[in-house]
Amino acid sequence: MKKTITLVAACGALMLAAVPAQAAPKDPVSALKAKLVPGHGVRFTDTVTWSDGTDNRGARDNKGSFQFGKKGIAAFDITMDYGSDDKERFISVGKTGYYSGGRLEGLLPEGKTWFKTGGGAIPDSWAQFLNPAEPKTLAALIKNGTTKGNSVTGSITLKELKAVSAWVSGARTGKENDGVKIAYTLTLSSAGLVSRVQTSYTLSRDGELDEVTVDSRYTGWGSKVSIKAPDPDTVTSKFR
């Protein structure tokens, strides 16, 4: 009997040892803060779709990167592709912004390809308003949303975003859009970092409603990123 009990106890110990311990869920905000190292950053792509309720079309594709500094995002570089070789690019370094391409072509003095202006965020009606590289923004999205598995779903108004996001407040969006509600789904990686942001919202423009969806993917969290201002010889702050 003693041998039987010992055998059963040993088998039980083996069974317990074979069951892997479940890792505690990662805190997304803490995971993000650990990646906010100067000279490093994250890359992203956006797919933007627009609809007026009857017509659906791809509005543009965005591709870019954020570079981190001691106090968050120090710089970003974004290329917006509307198709048919119609592209715009925006670089923000500190408090200075540089625009190139698109409607600026033909408006700048000869030999100049970049227009210099005040820096800040770029969100417009065809952009990703939610910036998961901002700890305060990410914390608000998690607080407002419902977490299930590796996803967080919820909604937040543009006014609420302005209170926590330099990305949005820097865009100087008008107060008339403060009530716009943005529905979102965040997808988290096993490390607790945001790998995907899906948003949808409706804007009123010239008496018509625009339904916008944005699907953003984030890769290379913490990788080295170096964003610099354009060559000064190509920059101007005046039009022709």
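Before any of the text, the structure's been laid out above.
Now for a quick tour of the structure. Sequence positions are assigned chain by chain, starting from 1 and proceeding in written order. Reporting of local features is limited, given that this is a predicted model, to residues whose pLDDT is at least 70; pairs of side-chain atoms are given and counted only at 80 or more, and all residues count toward the totals for whole chains, interfaces and linings. The side-chain values count all of the structure's non-hydrogen atoms but skip hydrogen atoms and water molecules.

### Describing the overall build of the protein chain
- Helix and strand assignments come from DSSP, with helices taken as H or I runs of at least 4 residues and strands as E runs of at least 2, each series counted from the N terminus. In terms of helices and strands, the protein chain carries five helices and twelve strands.
- Using a 1.4 Å probe on the protein chains alone, a residue whose accessible area is under 20% of its type maximum counts as buried, one over 50% counts as exposed, and one in between counts as partly exposed. Expressed as a percentage of the 240 residues in the protein chain, the buried residues total 38%.
- Taking as baseline every contact in the protein chain between residues at least 6 positions apart, the subset at least 24 positions apart corresponds to 56%.
- For the protein chain, the accessible surface area stands at approximately 14,100 Å², while carbon and sulfur atoms represent 54% of it. Residue contacts are counted whenever heavy atoms from the two residues lie within 4.5 Å of one another. Areas reported here follow the Shrake-Rupley algorithm with a probe of radius 1.4 Å; residue values treat only the protein chains shown as occluding.

### Looking at the side chain of Asn-62
- Examined against the element boundaries, Asn-62 turns out to sit in strand E2 (residues 56–69).
- A polar atom in the side chain of Asn-62 sits 3.0 Å from the side chain of Arg-60.
- Not counting residues up to four positions away in its chain, the partners in contact with Asn-62 are Phe-44, Thr-45, Asp-46, Val-48, Ile-78, Thr-79, Met-80 and Trp-126. Distance and chemistry together define a polar contact, namely a pair of N or O atoms within 3.5 Å, with one atom able to donate a hydrogen and the other to accept it when in protein, and with adjacent residues in sequence counting only for side-chain atoms on both sides.

### A closer look at the environment of Ala-229
- Note on placement: Ala-229 falls in the loop between strand E11 (208–224) and strand E12 (235–236).
- Exposure remark for Ala-229: the relative accessible area of 38% places this residue in the partly exposed category.
- As for Ala-229 and Lys-116, which are separated by 113 residues in sequence, their C-alpha atoms are 9.9 Å apart.
- Leave out the neighbours within four places in its chain, and Ala-229 touches Val-93 and Tyr-98.

### Focus on the packing of aromatic side chains
- When two rings of Phe, Tyr or Trp (its six-membered ring) have centres within 6.5 Å they constitute a pair, described as stacked for plane angles under 30 degrees, edge-to-face for angles over 60, and tilted for the intermediate range. Here the structure, examined in full by the defined rule, presents eleven aromatic pairs.
- Between Phe-44 and Phe-66, the ring centres sit 4.8 Å apart and the planes meet at 25°, which makes this aromatic pair stacked. Taken as a pair, Phe-44 in strand E1 (residues 40–51) and Phe-66 in strand E2 lie far apart in primary sequence, 22 residues in all.
- With 5.2 Å between their ring centres and 80° between their planes, Phe-76 and Trp-167 make a pair best called edge-to-face. One end of the pair, Phe-76, is in strand E3 (residues 72–81); the other, Trp-167, is in helix H5 (residues 166–169), and 91 residues separate them in sequence. In terms of burial, Phe-76 and Trp-167 fall into one category: buried.

### Some thoughts on empty space enclosed by the protein
- Both site types are read off a 1 Å grid over the protein atoms alone. A 1.4 Å probe that fits but cannot get out defines a cavity, while an open set with protein on both sides within 12 Å along at least five of seven lines defines a pocket; lining residues have an atom within 4 Å of a point. Grid points are joined across faces, edges and corners, and a volume is the space filled by probe spheres set on the points. Summed over the entire model, instances satisfying the criterion amount to one cavity of 30 Å³ or more.
- Of the pockets and cavities examined, the largest cavity occupies roughly 110 Å³.
- Phe-44, Asp-46, Ile-78, Gln-128 and Trp-167 are, among the 14 residues lining the largest cavity, the residues nearest its centre.
- Put simply, the parts of the chain that give the lining of the largest cavity at least two residues each are E1, E2 and E3.
- Counting residues per element, the lining of the largest cavity draws most heavily on E2, at three residues.
- Ten residues, namely Ala, Val, Leu, Ile, Met, Phe, Trp, Tyr, Cys and Pro, are considered nonpolar, four, namely Asp, Glu, Lys and Arg, are considered charged, and the remaining ones, Gly among them, are considered polar. Residues belonging to the lining of the largest cavity are distributed by class as follows: nine nonpolar, three polar and two charged.

### Examining the pairing of strand E4 (residues 87–93)
- Of the pairings in the sheet, the one linking E3 to E4 comprises seven bridges and is antiparallel in character. In the sheet register, Asp-77 faces E4, and the bridge partner there is Ile-91.
- Strand pairing requires that DSSP identify at least two bridges connecting the strands. The loop that links E3 with its antiparallel partner E4 comprises five residues; one of these, Gly-83, has a positive phi angle of about 90°.
- Here E4 folds back onto strand E5 (residues 96–101) in antiparallel fashion, the turn holding two residues, of which Gly-94 has a positive phi close to 65°.

### Comments concerning the pattern of salt bridges
- Should a side-chain nitrogen of Lys or Arg be within 4 Å of a carboxyl oxygen of Asp or Glu, the pair is scored as a salt bridge. Per the counting criterion, the structure on display carries four salt bridges.
- Asp-77 serves as the salt-bridge partner of Arg-89, at 2.7 Å between the closest nitrogen and oxygen. Residue Arg-89 is located in strand E4, and its partner Asp-77 is located in strand E3; the two are separated by twelve residues in the primary sequence.
- Residue Arg-196 is joined to Asp-215 by a salt bridge in which the shortest nitrogen-to-oxygen separation is 2.7 Å. One end of the pair, Arg-196, is in strand E10 (residues 194–205); the other, Asp-215, is in strand E11, with 19 residues separating them in the sequence.

### Topic: the environment of Ile-142
- Residue placement: Ile-142 occurs in helix H3 (residues 135–144).
- Ile-142 sits in the partly exposed class, given a relative accessible area of 24%.
- C-alpha separation for the pair Ile-142 and Leu-186, spaced 44 residues apart in sequence, amounts to 8.8 Å.

### Brief notes about the side chain of Ser-65
- Turning to its location among the elements, Ser-65 is positioned in strand E2.
- Judged by relative accessible area, which is 12%, Ser-65 ranks as buried.
- In this view, Ser-65 contacts Val-42, Arg-43, Phe-44, Ala-75, Phe-76, Asp-77, Val-225 and Ile-227; residues no more than four positions away in its chain are not counted.

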